[in-house]
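Now for the letters of each chain:
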Amino acid sequence: MHVTSNNGVLYQDAIIAYKAVAERILVNPNVSASFTSDLLKAYHPDYLQNACGLLRVGGNRDAQCHHQLVDALQSHSHLKPADITNMPVTETDILVIGGGGAGCAAALTAAQQGSEVILATKLRLGDSNTVMAEGGIQASINKGDSPQQHFDDILSSANQPVNKQLVADLVMDAPDVLLWLIEQGMQFDLDDHGNMCTRRAGGASQSRVVFCRDYTGLELMRVLKESIRNSQVDVWNYAPAIELTTDSKGQCTGAVLLSLEDNQYTLVKARSVILATGGLGRMHLNNFPTSNHLGATGDGLVLAYRIGARLRDLETFQYHPSGLIFPASMQGVMVTEGIRSSGAYLLNAQGQRFIDELESRDIVSAAIIKECRQGRGVQVSDDLSGVWLDTPGLELRSPGILNQRFPKLIAAAKNAGIDPRYKPLLIYPTLHYQNGGAVIDQHGQSTVKGLYCVGEVSGGIHGKNRLMGNSLLEIISFGRKAGQHAALSSPSTQHGEAGISHLIHFNAELQQAQIPLEKKSPVLFPEYTKFEIGCDFRGSEKI
Amino acid sequence: MNTPVVNSVNVTINGKSLTVPKALSVVQALWLGGYPRIESLGCLEGVCGSCRVLVRRAGSAVVSTELACQLLVEEGLDVSFLPYTDTQPRTYQLGCPISLSSVLETFTQTFPEAAKCRHCGGCDNSCPKGITVESAITLATAGDYQTAGEMFLECVLCELCETACPEFITPAQIGTFSRKVTTLLSRRPSNLIHRIEALAHQQFKVDIDR
């Protein structure tokens with residue numbers, strides 16, 4: 001467990017001292033560039049000493065990378081080159097790997113173009129980070145807002161170079177993404193005039209996040225699952241990819257999938273592969289809890305890296321400011337940023353505000369960590385403290401808002417015995433999002449021919465800090481682009497050779513770097529599940 | 001004499017007896033006990049609908065259905081996972097342009113069982129989100145998709161309602177259908193449509209090197 005602090009005010013004392021007050025002034029709103037830069041360097045987990053190391057193998061050799069990710073990238077395959085000869089083979093036009101929003105958008109778009117599509121996913125279709133997304137989707141649709149302002153907001157929050165062309169394409173495509181989702185049947189909150197309601201993301205200049213209460217991701221996933229069900233897409237549940245395949249020219253030609261149900265491998269030959277495997281929260285970087293689903297273990301980065309795809313920004317991750325830490329059973333569960341957009345304050349144990357709550361996530365998270373480390377946090381155990389998310393104050397200023405706009409939060413808190421209208425919630429940053437990933441072009445193509453990477457597994461758009469509402473946007477926008485491009489550019493010729501001879505070269509590099517043979521990846525599931533390849537995934541036998 | 005460990009509880013999960021610390025969810029208890037459970041797990045936050053379980057509490061004869069990731073261990077708890085079965089999914093194509101009459105026809109063809117509801121309340125009792133499934137299905141069958149769909153706002157597609165239904169109605173899918181057609185039968189949002197038209201007329205561009 002990440003130690004948050006050991007010298008705050010005890011929860012039982014702090015909750016008695018807490019009084020719900022509608023208005024509170026932020027006494028010292030210091031947001032000068034030097035203040036925020038110092039704050040990030042001193043308190044953001046990306047800057048923790050020893051968090052990063054250098055990659056010693058592969059295309060990003062000598063790049064800075066979080067050391068837990070270094071371990072996963074610098075590991076051996078579960079397969080030996082000869083293993084592939086005896087596997088059953090299936091052929092398709094396009095293989096999509098990943099069953100969240102990006103994978104569904106890619107699969108639906110490709111299938112609509114007439115391609116034969118297999119969508120393979122580690123868990124079940126829809127069991128993803130998408131389904132948990134709450135905040136909403138950014139698109140400049142209001143008067144006074146423009147794609148340029150959306151673009152500028154992304155660049156000014158990124159804190160590091162991004163691929164500007166990708167960002168420009170993303171913001172220009174945003175309204176069309178919303179229309180596509182509406183045409184799939186997705187509902188959004190509308191005002192009395194039939195306009196889409198918007199709220200402002202932390203770090204954004206305009207109110208441009210559209211939403212469906214605090215269930216935006218659930219609503220999105222429900223309609224996409226239904227669209228997939230009504231399409232020709234062939235869904236393979238519980239079938240994680242454990243290796244991509246290549247031909248003699250190094251082009252991606254398919255993948256080896258492992259069926260968790262019977263522990264059998266299948267070789268799927270495809271004209272294009274679209275990786276939409278999401279992020280790596282379940283690696284618990286720096287021992288942080290995570291808001292991510294059980295399968296988010298960074299498989300896509302590992303697979304892409306091994307066949308030579310270039311990655312970028314591997315040292316930067318997003319820690320969402322409002323992960324619940326009390327009660328213990330809800331640790332890591334996230335409260336939407338929409339609640340801060342709606343005006344909820346953050347308070348330390350003394351009931352004081354300490355940061356502009358609508359600063360970008362990296363800054364707000366660093367400010368929370370600072371309060372706790374300096375002893376102004378609320379302590380729930382020896383090594384765990386947090387700050388108040390002042391929901392009762394918000395309810396006083398805007399009566400009824402919690403029930404009306406945040407039913408998911410109300411339901412989750414009720415389950416834990418807390419009514420957030422009267423009791424504040426205790427929060428601490430939780431590992432939320434992988435900012436970097438595979439280098440892609442405007443169509444979602446990686447640097448390896450035949451391999452597309454879309455959604456969280458790709459990099460280049462968010463820099464060091466993603467704004468709320470830009471990941472749901474990205475997964476649909478680039479999912480559709482990749483699906484379209486793959487469908488139109490996959491020649492319906494014979495399937496190429498599908499082997500894993502790229503491992504010979506990669507293994508030689510691993511050997512040179514003295515990586516022990518027993519280190520294997522992708523890891524598929526976190527260690528605490530006790531899962532190992534070959535075991536019964538129903539958990540019927542004790543390990 | 002053994003001193004009872006007050007911070008531990010005895011539970012039975014999938015027929016295995018476990019002694020585990022309090023304050024864990026059923027899923028965490030299973031892992032801690034050494035059972036590598038992956039099937040039927042997903043978001044661990046109560047929204048993917050994967051971890052369906054049958055639950056019986058100590059001293060009670062009542063069996064309830066819940067989501068394991070949201071269920072905390074307690075003394076004498078008896079839990080069995082209820083994985084999904086591969087039922088043949090209902091598929092349909094909504095006409096284009098869409099009309100209320102075509103939707104009504106599609107509904108009757110796709111969900112013919114919906115009209116046969118015998119009001120046993122099984123779906124209401126099985127829903128871990130407290131949705132009043134039965135009345136929502138009655139409304140959808142009568143063509144009030146908007147009200148029915150809104151009642152399914154919090155539906156996580158765990159399909160326990162479907163498992164509970166003696167008439168093989170598929171309420172969760174009817175919920176999604178109702179929400180979908182409500183959107184498709186409605187006017188498109190004005191601010192969005194204006195912006196899309198403006199973009200089509202090249203009224204906006206992004207200068208990436210500004």
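Cut-offs used in this document
- Residues numbered from 1 in each chain as written.
- Chains lettered and ligands numbered in written order.
- Predicted model: local features only at pLDDT ≥ 70, side-chain atom pairs only at ≥ 80, totals over all residues.
- Heavy atoms only, no water.
- Axes fitted to C-alpha atoms, helices over the stretch in contact; angles between N-to-C directions.
- Helix = DSSP H or I, 4+ residues; strand = E, 2+ residues; numbered from the N terminus.
- Parallel < 35°, antiparallel > 145°, perpendicular 65-115°, else oblique.
- Left-handed = near helix turned anticlockwise from the far one by under 90°.
- Contact = heavy atoms within 4.5 Å.
- Nonpolar A, V, L, I, M, F, W, Y, C, P; charged D, E, K, R; others polar.
- Buried area = accessible area lost by both parts, 1.4 Å probe.
- Salt bridge = Lys/Arg side-chain N within 4 Å of Asp/Glu carboxyl O.
- pLDDT = per-residue confidence, 0-100.
- Buried < 20%, exposed > 50% of the residue type's maximum accessible area, 1.4 Å probe, protein only.
- Polar contact = N/O pair within 3.5 Å; in protein donor to acceptor, adjacent residues only side chain to side chain.
- Pairing = 2+ DSSP bridges.
- Phe/Tyr/Trp six-rings, centres within 6.5 Å; stacked < 30°, edge-to-face > 60°.

Residues and elements named next belong to chain A. Two elements in contact, helix α2 (residues 33-43) and helix α10 (residues 361-373), have axes whose closest approach is 9 Å; the angle formed by their N-to-C orientations is 60°. Taken together, the axis directions place α2 and α10 in an arrangement best described as oblique. Considering only the axes of α2 and α10, their crossing is left-handed. Mapping the contact onto sequence places T36, L39, L40, A42 and Y43 in α2 and D362, I363, A366, A367, I369, K370 and R373 in α10. Along the lines of polarity and charge, the residues of the contact of α2 with α10 split into 8 nonpolar, 1 polar and 3 charged.

On to the interface of chain A and chain B. The interface of chain A with chain B comprises 76 residues on the first partner and 61 residues on the second. Between chain A and chain B, the buried area comes to about 5,900 Å², and carbon and sulfur atoms account for 56% of it. If you sort the residues of chain A by the area they bury against chain B, R222, R229 and N230 of chain A come out on top, with a joint share of 11%. In this assembly, chain A and chain B are joined by 6 salt bridges. Across the pair E45 of chain B and K408 of chain A runs a salt bridge, and its minimum N-O distance is 3.1 Å.

Our focus in this paragraph is the confidence of the model for chain B. A low pLDDT means the predicted coordinates there should not be read in detail. Residues and elements named next belong to chain B. Considering every residue of chain B, the mean pLDDT works out to 94; 97% of them sit at 70 or more. Contacts for the low-pLDDT stretch residues 1-5, under 50 throughout, to residues beyond four places or in other chains number 0 contacts. Scoring the predicted complex yields pTM 0.96 and, for the interface, ipTM 0.96.

This next bit is on the environment of N14 of chain B. All names here are of chain B. Along the polypeptide, N14 turns up in the loop between β1 (8-13) and β2 (16-21). Residue N14 is classed as partly exposed on the basis of its relative accessible area, which comes to 28%. Separated by 148 residues in the primary sequence, N14 and E162 place their C-alpha atoms 22 Å from one another. If we skip the residues at most four places from it in the chain, N14 touches L30, R37, V79, S80 and F81. At 2.9 Å, the side chain of N14 and the backbone nitrogen of F81 are in polar contact.

Turning next to the pairing of β2 of chain B. Residue and element names in this part refer to chain B. Pairing between β1 and β2: 6 bridges, direction antiparallel. Across the sheet, the residue bridging to I13 is K16, located in β2. Connecting β1 to the antiparallel partner β2 that follows it, the hairpin turn spans 2 residues, and N14 within it adopts a positive phi of roughly 50°.

Another aspect to go through is unusual backbone geometry. Here S521 of chain A and P522 of chain A are connected by a cis peptide whose omega angle stands at 0°. The residue P522 of chain A is located in the segment after α15 (502-512) in this model. One non-glycine residue, D62 of chain A, adopts positive backbone phi at about 75°. Here D62 of chain A shows up in the loop between β2 (52-54) and β3 (64-66). We classify D62 of chain A as exposed; its relative accessible area is 55%. The residue F168 of chain B is not glycine, and still its phi comes out positive at about 60°. With respect to the helices and strands, F168 of chain B occurs in the loop between α6 (160-164) and α7 (171-184).

This next bit is on the sheet that holds strand β19 (residues 437-439) of chain A. All names here are of chain A. Taken together, the 3 strands give an open sheet; going across it, the order is β13-β19-β21, and neighbouring strands pair in mixed fashion. Unpaired on one side and paired on the other, β13 (311-312) and β21 (458-459) mark the two borders of the sheet. Sheet topology places β19 next to β21; 2 bridges connect them, and they run parallel. Among the inter-strand pairings, V439 is bridged to a residue of β21, identified as G459.

Residues and elements named next belong to chain B. Under the counting rule described, the total for this entry stands at 16 aromatic pairs over all chains. Their ring planes at 80° and their centres at 5.5 Å tell us that F111 and F177 sit as a pair that is edge-to-face. Here F111 is found in the loop between α2 (100-110) and α3 (122-126), whereas its partner F177 is found in helix α7, with 66 residues between them in sequence. The two residues F111 and F177 agree in class, both being buried. Their ring planes at 70° and their centres at 5.9 Å tell us that Y145 and F177 sit as a pair that is edge-to-face. One end of the pair, Y145, is in helix α5 (residues 145-151); the other, F177, is in helix α7, and 32 residues separate them in sequence. When sorted by exposure, Y145 lands in the same class as F177, which is buried. By the ring-pair criterion, three or more aromatic residues cluster together here, those being Y92, F107, F111, Y145 and F177.

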